[in-house]
Amino acid sequence: MQAQVSELFGFLSSDRDDLRKLAVENCKAISQSPDLQPFFAADNGAPIARLIAMLDDHPLIAHDAVSTLVNLSANPALLPHFNSTAFVASLVLAIILPQNVLADLYCMLLNNITKNDDIARILIPEYDQKDEDEKFKMRFNPSLSLLPNNSISSSSTPSAMVETDPPVKKPRRKTPYLDNLLEVFIRPKPTDKVADSDSQDEPPVPDAKVHNPNASYDFLAGVFANISILPTGAIALRSRSNVDNVIRLSKLTPFLDHEGKWSTIRRGGCISAIKNCCFDVQVEQTGGLLLSTELNLVPYVLLPLCGPNDFDDEDIDNLPEDLQLLEPSKTREPVIEFRLMLVETLLLLASTRPGREHLRAMKVYYVVRALHLVEKNEDVIDRIERLVTMVMGEEEKPPTSSNAAETQHKKRPAVMEVADDESDEEDPDGPAIEEIV
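Residues numbered from 1 in each chain as written. Predicted model: local features only at pLDDT ≥ 70, side-chain atom pairs only at ≥ 80, totals over all residues. Heavy atoms only, no water.

What about the overall build of the protein?
Going by this rule: For helices the rule is a DSSP run of H or I covering at least 4 residues; for strands it is a run of E covering at least 2, with both sets numbered from the N terminus onward. Only protein chains enter the accessibility calculation, which uses a 1.4 Å probe; a residue is then buried when its area is under 20% of its type maximum, exposed when over 50%, and partly exposed in between. Using the Shrake-Rupley algorithm and a 1.4 Å probe, accessible areas are obtained, with residue cover drawn only from the displayed protein chains.
Assigned secondary structure in the protein consists of 20 helices and 2 strands. Per-residue burial over the protein gives 45% buried out of 437 residues. As presented, the protein carries roughly 23,300 Å² of accessible surface, and 53% of it is formed by carbon and sulfur atoms.

As structure tokens, this is what we get:
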């Protein structure tokens, strides 16, 4: 069998289009078998390298080549053969090209290969505190992007003679791979919109904000989740975009609610990424950002946990504005694993005193109390009860200066294990894409 497969691989380099097409079709078929996938690692992964090169072939051949690579990338043992900065860069370029009919397949491939930490690091931009401070200032004062040139002045020069060059724009920053992917991710094709027309035969009007009508980009959510597992990746998502100086994480928060008609793949990846970014909440700078009004994270996390008629009039007035005008038809997140991750995100935020105070101000108790009344899953119920204990429990009084030294050793660090079972270790995006039919 190995000799036959090796002979098949030889036809991938044929000069004849028909032979290459037939060969890649057969490779696609055998790549669906876990027992045959190790053959693609022969000669230091030469067959995989040849399939990667075929992504620039004729469209039909490229389609079968990327489908084969998606199947193979579901095998962790083969992922080192995909570890190439040039290859990852080519994938990003293919994904962001408008009108690319294979964009979603490339997203699936990128989702699979970024489960490898070394490949995921290729997408993570370097963090620079000075640059972050500058982006923060420009976010709230865009005029800072215009700087006057050096003026010619001296104490001996009359004020009327002072020459000042006109303002010039600062040089544009390089757009990292991560920002490019986020920009197309937030502009998916409309899947549930119907044309506002009396004629059912008239096609819907294209949305100008849609980047590629052929792609949903849902699998990029899995890429962001994979990146967020790494400490540097979580820092990058909590940092500001080079495109618009907005916190990158804020680009994921609108996709948490299932009533936005977003797919489970998109919602699961975004929820997982946000949860992973909350593990460093005890770091003062991180905690301040996660609880900031700019990010406004807590209402986005609470919204999918709300159901119909959960609150009386008095409770509604105390809730955040985003939760006050819910429709009577509002439903809760139907996926148990997603509800679990959302409650655990609140648990992570509650692991610090400022976080608990913020959750009290957001009236989180009202939401989880109503959820607890209808929840059937034991894991979710357990997390809710732990959250209520932390949020509604009495806080220790801060020590006075006289007994601070005496009580310092008695204070418990605000550390908590959110996950103590196997349910947290599940991939929120589901299993890797193993088969292309």
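A word on the pattern of salt bridges
We apply this condition: Here, a salt bridge means any Lys or Arg side-chain nitrogen found within 4 Å of an Asp or Glu carboxyl oxygen.
Inspection of every chain in the model, using the stated rule, returns 22 salt bridges. The shortest N-O distance in the salt bridge between Asp 64 and Lys 28 comes to 3.6 Å. Of the two residues, Asp 64 sits in helix 4 (residues 59–73) while Lys 28 sits in helix 2 (residues 17–30), which places them 36 residues apart along the sequence. Looking at Asp 64, the relative accessible area reads 9%, which means it is buried. Taking relative accessible area as the criterion, Lys 28 reaches 15% and is therefore assigned buried. One connected set of salt bridges, linked through shared partners, spans Lys 275, Glu 344, Asp 382, Arg 383 and Arg 386.

Digging into the environment of Ala 65
Short version of the rule: Residue contacts are counted whenever heavy atoms from the two residues lie within 4.5 Å of one another.
With respect to the helices and strands, Ala 65 occurs in helix 4. Exposure remark for Ala 65: the relative accessible area of 0% places this residue in the buried category. Once the C-alpha coordinates of Ala 65 and Ala 53 are considered, the two residues, 12 residues apart in sequence, prove to be 8.9 Å apart. Once residues within four sequence positions are removed from consideration, Ala 65 is found in contact with Val 24, Leu 51, Met 54 and Leu 55.

Describing the packing of aromatic side chains
Our working definition: Each Phe, Tyr or Trp ring (for Trp, its six-membered ring) is paired with any other whose centre lies within 6.5 Å, and the angle between the two planes then decides the class: stacked below 30 degrees, edge-to-face above 60, tilted in between. Put simply, a charge is over a ring when the Lys NZ or the Arg CZ is close to the ring centre, within 6 Å, and near the line of the ring normal, within 35 degrees.
Within the structure shown, the criterion is met by 5 aromatic pairs. Residues Phe 9 and Phe 40 carry aromatic rings whose centres are separated by 4.8 Å and whose planes lie at 50° to one another, so their mutual orientation is tilted. Remark: Phe 40 occurs in the loop between helix 2 and helix 3 (42–53) and Phe 9 occurs in helix 1 (residues 2–10); sequence separation between them is 31 residues. Ring centres of Phe 185 and Phe 255 lie 5.2 Å apart, and the angle between their planes is 70°; on these two criteria the pair is classed as edge-to-face. Pair noted here: Phe 185 is in helix 9 (residues 177–185) and Phe 255 is in the loop between helix 11 (231–238) and helix 12 (264–277), with a separation of 70 residues, a long-range link. We note that Phe 185, like Phe 255, is buried. Cluster of aromatic residues (ring-pair linked, three or more members): Phe 185, Phe 224, Phe 255 and Trp 262. Looking at Arg 266, its charged tip hangs above the ring of Phe 185, at a distance of 3.9 Å from the centre.

So, the side chain of Arg 240
Our working rule: Counted as a polar contact is a pair of N or O atoms within 3.5 Å, where, for protein atoms, one must be capable of donating a hydrogen and the other of accepting one, and residues adjacent in sequence contribute only when both atoms are in side chains.
Position of Arg 240 among the secondary structure elements: in the loop between helix 11 and helix 12. At a separation of 3.0 Å, a polar atom in the side chain of Arg 240 contacts the main-chain carbonyl oxygen of Asn 245. Arg 240 has contacts with Glu 132, Lys 135, Phe 136, Arg 139, Phe 140, Asn 245, Val 246, Ile 247, Arg 248 and Glu 294, leaving out every residue within four places of it along the chain.

Describing the packing of helix 5 (residues 85–96) against helix 6 (residues 103–113)
To keep it simple, the criterion reads: Axis definition: a line fitted to C-alpha atoms, limited for helices to the stretch in contact. Angles are taken between N-to-C directions and run from 0 to 180 degrees. Crossing chirality is assigned from the near helix's rotation relative to the far helix, an anticlockwise turn below a right angle marking it left-handed and a clockwise turn marking it right-handed. Charged residues are taken to be Asp, Glu, Lys and Arg, nonpolar residues to be Ala, Val, Leu, Ile, Met, Phe, Trp, Tyr, Cys and Pro, and polar residues to be all remaining types, Gly included.
Between helix 5 and helix 6, the shortest axis-to-axis distance is 9 Å and the interhelical angle comes to 145°. Crossing handedness for the pair helix 5 and helix 6: left-handed. Residue-level contacts link Phe 87, Val 88, Leu 91, Ala 94 and Ile 95 of helix 5 to Ala 103, Tyr 106, Cys 107, Leu 109, Leu 110 and Ile 113 of helix 6. Its residues placed into classes, the contact of helix 5 with helix 6 shows 11 nonpolar, no polar and no charged.

Observations concerning the confidence of the model for the protein
As a reminder, the rule being used: Residue-level confidence of the predictor is summarised by pLDDT, bounded by 0 at the bottom and 100 at the top.
The pLDDT averaged across the protein works out to 84; a share of 79% of its residues lies at or above 70. Contacts of residues 146–164 to residues separated by more than four positions or lying in other chains number 17 contacts, the stretch itself having pLDDT below 50. Note on residues 192–206: pLDDT is under 50 here. Beyond four places in sequence and across chains, it has 6 contacts.

Observations concerning the nonpolar core
Test applied: What makes a nonpolar core is a set of buried Ala, Val, Leu, Ile, Met, Phe, Trp, Tyr and Cys residues whose side-chain atoms join them at distances within 4.5 Å.
Phe 82, Leu 110, Ile 113, Leu 220, Leu 346 and Leu 387 are the most contacted members of the largest nonpolar core, which has 109 residues in total. A total of 9 residues in this core trace back to one element, the largest contributor, which is helix 16 (residues 336–349).

A look at unusual backbone geometry
At Asp 43, a position not held by glycine, the phi torsion is positive, near 55°. By relative accessible area, which is 68% here, Asp 43 ends up exposed. Positive phi, close to 55°, is recorded for Lys 363, a residue that is not glycine. Its location among the elements puts Lys 363 in the loop between helix 17 (353–361) and helix 18 (364–374).

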